[in-house]
Amino acid sequence: MNTPEEHPNPDDALARARAAREQMAAALTEDQEPDPDEPLGWQPIWKRPRKPNSKAAKKEELREQRKRIQEAVGVHVNVALARFS
């Protein structure tokens, strides 16, 4: 059975919302950008600054990428050739 605490009075909720209106408006109008010296905290991967790699690290990454692509293409080419044989 439902108790009155589970279903608050809509008038009370409306009064709380009206009381918090000024605080919400102030939060929306303040500057949304963090200060430069303030730590950024969590950011999505596409907004994080890139870490520069050394030339050797770049070459190794490209070598691994090339190997993955060649293996993937080789598999598809072999499958296609097997179908037409």
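Heads up: the structure comes first, above all this text.
Right, let's walk through the structure included here.

Cut-off values and rules
- Residues numbered from 1 in each chain as written.
- Predicted model: local features only at pLDDT ≥ 70, side-chain atom pairs only at ≥ 80, totals over all residues.
- Heavy atoms only, no water.
- Helix = DSSP H or I, 4+ residues; strand = E, 2+ residues; numbered from the N terminus.
- Buried < 20%, exposed > 50% of the residue type's maximum accessible area, 1.4 Å probe, protein only.
- Areas by Shrake-Rupley, 256 points an atom, 1.4 Å probe, with all protein chains shown as cover.
- Salt bridge = Lys/Arg side-chain N within 4 Å of Asp/Glu carboxyl O.

**Digging into the overall build of the chain**
Phase 1: Regarding its fold elements, the chain presents 3 helices and 0 strands.
Phase 2: Secondary structure elements in the chain, listed N-terminal to C-terminal, are α-α-α.
Phase 3: Burial status across the chain gives 1% buried among its 85 residues.
Phase 4: If you sum the accessible surface of the chain, you get close to 8,900 Å²; carbon and sulfur atoms cover 57% of it.

**Quick look at the pattern of salt bridges**
Phase 1: As enumerated under the stated definition, the model contains 1 salt bridge in all.
Phase 2: Of the charged contacts, one joins E60 and R63 as a salt bridge, the two residues approaching to 2.7 Å between their closest N and O atoms. Taken as a pair, E60 and R63 lie in helix α3 (residues 55-84) at a separation of 3 residues, close to a single helical turn.

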